[in-house]
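# Examining the three-dimensional arrangement
What follows is each chain in one-letter form.
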Amino acid sequence: MTERKAEAAERKVEVTERDAQSRGVGAGEAEAVRATKGARTVEPHVPRIPPDVRIEAWPADGLDLLRKANTPEMTRHLGGPETAEQLARRHLRYLGDLDDEGPGRMYRIVLLPEGEPVGTVGFWETERRGKPVYEAGWSVLPDFQGRGIAAAAVHQVLAAAAVEGRHPAVHAFPSAANAASNAVCRKAGFAFMGTCDVEYPKGHLIRANEWRATLR
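Now for a quick tour of the structure. (Residues numbered from 1 in each chain as written. Predicted model: local features only at pLDDT ≥ 70, side-chain atom pairs only at ≥ 80, totals over all residues. Heavy atoms only, no water.)

## Here we look at unusual backbone geometry
- In this structure, the amide linkage connecting leucine 112 to the following residue, proline 113, adopts the cis form with an omega of 5 degrees.
- Note that proline 113 resides in the loop between strand E2 (104-111) and strand E3 (116-128).
- Of note, arginine 129 is a non-glycine position whose phi angle comes to about 55 degrees, a positive value. (Helix = DSSP H or I, 4+ residues; strand = E, 2+ residues; numbered from the N terminus.)

What follows is the structure, encoded as C-alpha cells:
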C-alpha cells in the first residue's frame with residue numbers, strides 16, 4: 001500500500017469512528033468497527049445431508065455391477081481386476097449358489113430415490129486368531145464416491161449382521177494404503193485394532209488395518 005493510500009484508509013477509519021461516536025456508540029464498539037476493516041466474510045456452515053441409500057439382496061442381474069467395479073482403479077488395493085470366470089463365480093457366490101466361503105450375505109447398494117445401483121456391500125464368516133468372526137467389505141463406483149454412501153451402507157450391513165446373531169462383532173481389513181476405506185470404518189463406528197497382514201485374494205498378502213465393530 002502506498003503512503004497516500006495508507007493515509008486515505010486511516011482517514012476513512014477516523015470518519016467511521018466519529019460517525020459511531022455521533023450515534024452514541026461506545027469506544028469498545030468503535031474499536032470493533034476498526035477491527036472488522038479488511039476482515040474476510042465467513043460463510044455459514046451448512047450441515048452435510050447424509051445420502052439416502054438402501055441395501056438390497058444380491059440380484060440375479062448383479063453381474064453387470066461387478067463388471068463395472070472390476071477396473072484397475074477400483075481393485076488397486078485388492079490385487080487387481082479379476083478374470084471373467086472369477087467374476088462369474090463371485091456372482092454365483094453372492095447369489096448363494098456356491099457355499100464355499102461359509103455364512104454371509106452380499107448386497108447391492110442402491111441410491112435413492114433414483115434406485116440406481118452404485119456399489120456392493122456385505123459380510124461373511126472368516127477366521128481371526130483361531131476363531132470364526134464376521135468380516136465386512138464394500139465398494140462404491142467412482143462417480144458416487146466421497147458422498148458418504150459407503151458409510152451409510154455399512155451401517156445397514158452391521159444391523160443385518162446383528163440380526164443374524166452368530167457373532168458379537170464385525171471386523172474389516174482395508175489396506176493400510178486405502179485412506180478412503182479406513183475413513184469409512186471410522187465413520188461407521190468401527191474401532192481401530194492395529195495393523196496386520198491379510199491374504200486377499202488368495203495368494204496375495206496385503207498390509208491392512210484391522211477394525212472392529214461391536215454388535216452386542
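## Considering the pairing of strand E4 (residues 131-140)
- Within E4, eight of the 10 residues are buried, which leaves the element mostly enclosed by the surrounding structure.
- Direction of pairing for E3 relative to E4: antiparallel, over a ladder of 10 bridges. Bridge pairing in E4 places threonine 120 opposite serine 139.
- The antiparallel hairpin formed by E3 and E4 contains two residues in its connecting segment, where arginine 129 sits at a positive phi of about 55 degrees.
- In the sheet, E4 pairs with strand E5 (residues 169-172) via two bridges, with the strands oriented parallel. Its bridge partner lying in E5, tyrosine 134 is registered against valine 170.
- You can see the chain leave E4, run along helix H5 (residues 149-164) and come back into E5, and the turn it takes is right-handed. (Buried < 20%, exposed > 50% of the residue type's maximum accessible area, 1.4 Å probe, protein only. Pairing = 2+ DSSP bridges. Right-handed = clockwise from strand over helix to strand, strands pointing away.)

## A few points about the nonpolar core
- Core analysis: the biggest nonpolar cluster contains 42 residues, and Ile109, Val121, Trp138, Ile149, Val154, Val170 and Phe190 have the highest contact counts within it.
- With 10 residues, H5 is the single largest residue contributor to this core.
- Beyond its immediate stretch of four places on either side in the chain, valine 121 contacts Ile55, Arg105, Met106, Tyr107, Ile109, Gly137, Trp138, Ala153, Val154 and Val157. (Core = buried A, V, L, I, M, F, W, Y, C linked by side-chain atoms within 4.5 Å. Contact = heavy atoms within 4.5 Å.)

## Looking at helix H6 (residues 179-187)
- Within H6, burial applies to Ser181, Asn182, Ala183, Val184 and Cys185.
- The inward-facing, buried residues of H6 contact E4, H5, E5 and strand E7 (205-214).
- A positive backbone phi angle near 95 degrees is found at glycine 189, which sits one or two residues after H6.

## Considerations on the sheet that holds E4
- With respect to topology, seven strands assemble into an open sheet ordered E1-E2-E3-E4-E5-E7-E6, the strand pairing being mixed. Two strands lie at the open edges of the sheet, namely strand E1 (53-57) and strand E6 (191-199), each paired on one side alone. Each strand axis lies, on average, 35 degrees off the axis of its neighbour in the sheet, ignoring direction.
- Pairing geometry for E2 and E3, over eight bridges, is antiparallel. (Axes fitted to C-alpha atoms, helices over the stretch in contact; angles between N-to-C directions.)

All quantities given are derived from atomic positions and should not be read as evidence of function.
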